[in-house]
Amino acid sequence: MKGSKPMNRRRLTLLTTPILAAALLAGCGGTTQGDDDAGGGPAGDASADPNAEYETGLSFAMLPKSVNNPYFDASSTGAEAAATALEGAFEYTGPSDASASSQVSYIDTLSQQATDVILLSANDPNALCSSLEQARAGGSVVVTFDSDVDSSCRDLFVSQVDSDEVGLALLEMAAEQIDATGEIAILSATANATNQNAWIEVMEAELESNPSYADMELVDVVYGDDEDEKSFSETQGLLQAHPDLKAIISPTTVGIAAAARYLSGSEFKGQVALTGLGTPNQMREFVNDGTVTEFALWDPTALGELAAYTGAAAASGIITGAEGEVFTAGDLGEYTVGADGVVTLGPPTRFNADNIDDFDF
Ligand code: RAM
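Residues numbered from 1 in each chain as written. Predicted model: local features only at pLDDT ≥ 70, side-chain atom pairs only at ≥ 80, totals over all residues. Heavy atoms only, no water.

A.B. asks: What is the right way to look at the overall build of the protein in this model?
C.D. replies: Regarding its fold elements, the protein presents eleven helices and 14 strands. Across the 361 residues of the protein, 55% fall into the buried class. Accessible surface for the protein amounts to roughly 14600 Å². Of this, 47% is attributable to carbon and sulfur atoms. (Helix = DSSP H or I, 4+ residues; strand = E, 2+ residues; numbered from the N terminus. Buried < 20%, exposed > 50% of the residue type's maximum accessible area, 1.4 Å probe, protein only. Areas by Shrake-Rupley, 256 points an atom, 1.4 Å probe, with all protein chains shown as cover.)

Given below as structure tokens:
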């Protein structure tokens, strides 16, 4: 019985003839749409029940921007741990290229499979909305994590860190490494990624308004599309186009690792600073060989785990996505839903030669 409700309800929504509905109900042991358990995504619920238990047996799917990215591998490990703790099923699925059009068919498949909780890092704020609407209309809870969609298209967003804090930390690290003087450039991921663009906007605004950065100039923003080879050649292009470049900020784990690899084998090693967001395991060799001084990231495993608990809390009726609701995300502890259905993991960690060996992700 446990965990069967969301699937029954969704199938009822999709069924078009009463005969089929009757047949299905018989096959499901007579569960009816009106059955009352803790289940039910936030869409249909008027209010949350903070004392409800987590439903067991939910199906979870994580859909990253693209697969084959160690950052998302780590997130999926965390999400799977939460799914396992809740006795649910877990699937990690997604395209090999970080594009919104490639993500659409994965969302459609998950909604056809009646997945209870979809965990999505979006390649575009709007392009996925109609598929997501369909999934939600069918009963799936949609939780974005890492990179959001328009807030009307999902139930909740699990944010790694407040975007202002990320943008400010990125600039601060770059400024510290070049004495706040000279030309800087950004090597981003894809041009439509919600998270990347939010951080870039914060950096641009801060460069304009903060007198501490008056002597720093942003001369270029390029896109490596979260592909290793493209990020590598975009780095090379930046250095050729801007001979006076002092620092590159790459707020993507794929980009910073590729840029570090390029720099470490070039005449620019130790001359042009590189900072941004990277995983300690990908960046360790470049910190050790002197290419990189300091970069930052949050724990992507914890981010995935929190996303899964958030989805499960919504599917179980513990939260609806309204500001101020509180839930417990397993060992991660208690979290509160903020404005716009955003749940925030916590501050980023900075990694450098002193601490990088303390981390393994
Ligand atoms: C890449 C992705 C992801 C971003 C991290 C920092 O893995 O672009 O969205 O959050 O970098």
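A.B. asks: Where do I start with the state of the cysteines in this structure?
C.D. replies: For the coordinates displayed, the defined rule picks out one disulfide. Each disulfide pairs two cysteine sulfurs, and for Cys129 the partner residue is Cys153, the sulfurs being separated by 2.0 Å. With the S-S bond torsion at 90°, the cross-link from Cys129 to Cys153 turns out right-handed. Note that Cys129 is positioned in helix α5 (residues 129–137) and Cys153 in the loop between β4 (141–145) and β5 (156–159), a separation of 24 residues in sequence. Of the residues examined, Cys153 reaches a relative accessible area of 2% and is grouped as buried. (Disulfide = S-S within 2.5 Å.)

A.B. asks: When you look at unusual backbone geometry in this model, what are you seeing that I'm missing?
C.D. replies: Apart from glycine, the bulk of residues carry a negative phi angle, and the bulk of peptide bonds sit in the trans form. Phi is positive for Glu87, which is not a glycine, with a value near 55°. With respect to the helices and strands, the residue Glu87 is situated in the loop between α3 (70–85) and β2 (89–92). The class for Glu87 is exposed, based on a relative accessible area of 60%. Unusually for a residue other than glycine, Asp146 sits at a positive phi of about 70°.

A.B. asks: When you look at the pairing of strand β1 (residues 59–63) in this model, what are you seeing that I'm missing?
C.D. replies: Looking along a regular strand, one sees the side chains alternate between the two faces of the sheet. Extensive coverage of β1 is indicated by the burial of five of its five residues. Alternating residues of β1 divide into Ser59, Ala61 and Leu63 and Phe60 and Met62, and every residue in both groups is buried. Of the strand pairs in this sheet, β1 and β2 are connected by four bridges, and their pairing is parallel. Note that in β2 the partner of Ser59 across the bridge is Ala89. As for the winding sense of the linkage, the β-α-β connection from β1 through α3 to β2 is right-handed. Both β1 and strand β3 (residues 117–120) contribute to a ladder of four bridges, which runs parallel. Residue pairing for β3: Phe60 is matched across the bridge by Val117. (Pairing = 2+ DSSP bridges. Right-handed = clockwise from strand over helix to strand, strands pointing away.)

A.B. asks: Hey, could you run me through the confidence of the model for the protein in this one?
C.D. replies: If pLDDT is low for a region, its predicted coordinates should not be looked at in detail. A residue-level look at the protein finds 87% of positions with pLDDT of 70 or above and a mean pLDDT of 89. In the model, residues 1–41 has pLDDT below 50 throughout and makes 57 contacts with residues more than four positions away in sequence or in other chains. (pLDDT = per-residue confidence, 0-100. Contact = heavy atoms within 4.5 Å.)

A.B. asks: Any chance you could explain the nonpolar core here in plain terms?
C.D. replies: Across soluble globular proteins, you tend to see nonpolar side chains buried next to one another. Leu119, Met216, Trp298 and Phe327 are the most contacted members of the largest nonpolar core, which has 83 residues in total. Element by element, the count of residues in this core is highest for helix α11 (residues 300–315), at ten residues. Counting contributing residues, this core receives three or more from each of domain 1 (5–160 + 300–346) and domain 2 (163–297). If we skip the residues at most four places from it in the chain, Leu119 touches Ala61, Met62, Leu63, Ala79, Val143, Phe145, Ala307 and Ala308. Judged by nonpolar contacts, the second largest core, of 15 residues, contains Leu110, Ile118, Leu120 and Ala135. (Core = buried A, V, L, I, M, F, W, Y, C linked by side-chain atoms within 4.5 Å. Domains from an automatic or database assignment.)

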